[in-house]
Amino acid sequence: MFLKSQRIVKISFRKFGVSGGRSKMVKIQDIAKACNVSIATVSNILNGKKGASEETRKLVLSMASKMNYRPNRVAKNLKQQTNKTIGVITEDLTIFFTPEIVDGINEYCEEKNYQLILNNLRIYKKFGPNYYTYEGYYKQVEEEFWETLSMQVEGIIYVGGHERNLYCIPNEFPKPIVVAYGFANNKVNIVINDRHGAHLATKYLIDAGHDKIGVISGEFSSYHTQSRLLGYQQALFEAGIAFDNSIIEIGNWERDSGYIAMEKLHQKGISSIFCMNDMMAAGAYDYCSDHGLLIGKDISIVGFDNREISMVLRPALTTIELPLHKIGYVAAERLIEQIEDGLTEKEDLIHFADCKLIEGESVDFQGTQFK
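What counts and what doesn't
- Residues numbered from 1 in each chain as written.
- Predicted model: local features only at pLDDT ≥ 70, side-chain atom pairs only at ≥ 80, totals over all residues.
- Heavy atoms only, no water.
- Salt bridge = Lys/Arg side-chain N within 4 Å of Asp/Glu carboxyl O.
- Helix = DSSP H or I, 4+ residues; strand = E, 2+ residues; numbered from the N terminus.
- Buried < 20%, exposed > 50% of the residue type's maximum accessible area, 1.4 Å probe, protein only.
- Pairing = 2+ DSSP bridges.
- Axes fitted to C-alpha atoms, helices over the stretch in contact; angles between N-to-C directions.
- Contact = heavy atoms within 4.5 Å.
- Phe/Tyr/Trp six-rings, centres within 6.5 Å; stacked < 30°, edge-to-face > 60°.
- Core = buried A, V, L, I, M, F, W, Y, C linked by side-chain atoms within 4.5 Å.
- Patch = residues over 30% accessible without salt bridge, like charges linked within 9 Å, V, L, I, M, F, W, Y side chains within 5 Å.
- Areas by Shrake-Rupley, 256 points an atom, 1.4 Å probe, with all protein chains shown as cover.
- Parallel < 35°, antiparallel > 145°, perpendicular 65-115°, else oblique.
- Left-handed = near helix turned anticlockwise from the far one by under 90°.

Trainee: Help me understand the pattern of salt bridges in this model?
Mentor: Any two side chains of opposite charge can pair, given that their charged atoms come close. Going through the model one piece at a time under the given rule, you end up with eight salt bridges. Across the pair R228 and D194 runs a salt bridge whose closest N-O atoms are separated by 2.6 Å. Residue R228 is located in helix α9 (residues 223-238), and its partner D194 is located in helix α8 (residues 194-207); the two are separated by 34 residues in the primary sequence. Given a relative accessible area of 2%, R228 falls into the buried group. The residue D286 makes a salt bridge to R255 at a minimum N-O spacing of 2.8 Å. Here the residue D286 occupies a position in helix α11 (residues 278-290), and R255 occupies one in helix α10 (residues 255-267), the gap between them amounting to 31 residues. R255 gets classed as partly exposed once you look at its relative accessible area, which sits at 32%.

Trainee: Is there a simple way to explain the sheet that holds strand β4 (residues 115-120) in this structure?
Mentor: Backbone hydrogen bonds hold the strands of a sheet together, and the pairing may be parallel or antiparallel. If you walk across this open sheet you meet the six strands as β4-β3-β5-β6-β7-β13, and the pairing is parallel. Each edge of the sheet is formed by a strand with only one pairing partner; in this case those strands are β4 and β13 (350-353). The mean inter-strand angle of the sheet, taken between neighbouring strand axes irrespective of direction, is 20 degrees. The pairing of strand β3 (residues 85-90) with β4 spans six bridges and is classified as parallel. Bridge pairing in β4 links T90 to N120. Sheet strands in contact with helix α5 (residues 98-111) are β3, β4, β5 (156-159) and β6 (177-180), and its direction is about 175 degrees off that of β3.

Trainee: What am I meant to see in the packing of aromatic side chains here?
Mentor: Each aromatic ring pair is characterised by the separation of its centres together with the angle its planes make. Counted under the stated rule, the structure contains eleven aromatic pairs. Summarising the aromatic geometry, the rings of Y259 and Y287 are spaced 5.5 Å apart at their centres and angled 80 degrees between planes, so their arrangement reads as edge-to-face. With Y259 in helix α10 and Y287 in helix α11, this residue pair connects regions lying 28 residues apart in the sequence. Note on Y259: relative accessible area 25%, which makes it partly exposed.

Trainee: Which parts of the structure should I look at to understand the pairing of strand β7 (residues 188-192)?
Mentor: Remember that side chains alternate between the two faces of the sheet whenever the strand is regular. Most of β7 is tucked away: five of the five residues are buried. Alignment of β6 against β7, held across three bridges, turns out to be parallel. Counterpart to A180 in the pairing with β7 is I190.

Trainee: So what exactly am I meant to see when it comes to the nonpolar core here?
Mentor: Soluble globular proteins tend to bury their nonpolar side chains together. If you look at the biggest cluster of nonpolar residues, it comprises 76 residues, and the most contacted ones within it are I105, I157, F274 and I301. Filtering out sequence-adjacent residues up to four positions away, I157 remains in contact with I86, G87, V88, I89, I105, V178, A180, A331, A332 and L335. Counting residues in each nonpolar core, the second largest holds 32 residues, with I123, F145, L166 and V179 among its members.

Trainee: Even after reading the chapter, I still don't get a nonpolar patch on the surface, so can you show me in this structure?
Mentor: A surface patch of nonpolar side chains, amounting to about 250 Å² of accessible area, comprises L349, I350 and F352. Inspection of the secondary structure puts I350 in strand β13.

Trainee: Would you mind showing me how to read the sheet that holds strand β8 (residues 213-217) here?
Mentor: Strand order in this open sheet of four strands is β9-β8-β10-β11, and the pairing throughout is parallel. If you trace the sheet from one side to the other, it starts and ends with β9 (248-250) and β11 (300-302), each paired once. Averaged over all neighbouring strand pairs, the angle between strand axes comes to 20 degrees, with direction disregarded. Sheet analysis places β8 next to β9, joined by three bridges and oriented parallel. Bridging from a neighbouring strand, I216 pairs with E249 of β9. Contacting β8, β9 and β10 (272-275), α10 runs over the sheet at an angle of about 155 degrees to β8.

Trainee: Before we go on, may I ask you to explain the packing of α10 against α11 in this structure?
Mentor: Relative orientation and spacing of two packed helices are given, respectively, by the angle between their axes and the distance between those axes. At a minimum axis separation of 6 Å, α10 and α11 run at an interaxial angle of 55 degrees. If you check the angle between α10 and α11, you find them oblique. Our pair here, α10 against α11, has a crossing hand that is right-handed. Contact with α10, carried on its side by R255, S257, G258, Y259, M262, E263 and H266, involves M279, M280, A282, G283, A284, D286, Y287, C288 and D290 of α11 and no other residues of that element.

Quick look at the structure:
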């Protein structure tokens, strides 16, 4: 098995001319660009598959002849055999949860004796948290799929940078695709059960005697925020506690926003807080430290993510652990099932992996509220 933390080296295959000079070997990507059609369309036509119009078929075949296209017979023969290799494309390996997802993929591949080719787009590192608004994002992802396919993989797992609707996954692709940590139409998607995790966190505070639980949320447009808010509301409803929108403060997942939100909730007399991630929980800790409030006594806090920072906060933060390894493991399991058993529509397209509560010392079990 071979893994690379950096982008896989692109290998250009060239052919020698009669005169001994060297010219670039024409690829189906070049034909697709010249004909202004998709790579999948060119691939299907060159392989004799139906679907394209007669006009498009003639255009592609004519252009292929004109550009002196020659198929790679060795690669074609390899594609027809089972080489037990899958590709993994990550949006960015530096995002905290991605390595654990990849490790889950790796573990299942080892069990099934599959090789793994890892390709890291490094988009977050290059363009920041809003990388998916970058003009060239969709094109880069599409090219990466076809480049990974050229390495003779039998299927691809795409690991998203955060859970959202993914419109960058190629619709026409000759190999199975599974998405980990994101949603793509007509693909198998393995995602976090955020609602379940938020329900665990809120119920823990309710069981500790708290009936007025404030929330420090992420950005309201985030899928994670929406799902975790539903879990929070569900736990309140089950306990017969009325939902109060006025004690929800919106953060931005960063530590400083947790500080600001904690200040507002404290001013409203709220002493039990569900933070939608550990970084904002750390910000809430900072506010309490600056104002002489004791965590686990004056203030009760539950976080989400079980990141490294939760292990160094004192007192230890009660938090929700993300099932990252399981997401990767199940993604590989579903992909290899498709490779070995063929595509099937009976399989559920969305698989939710449940979270786990990690108990610390940040919650007061007497249910004391500010007066």
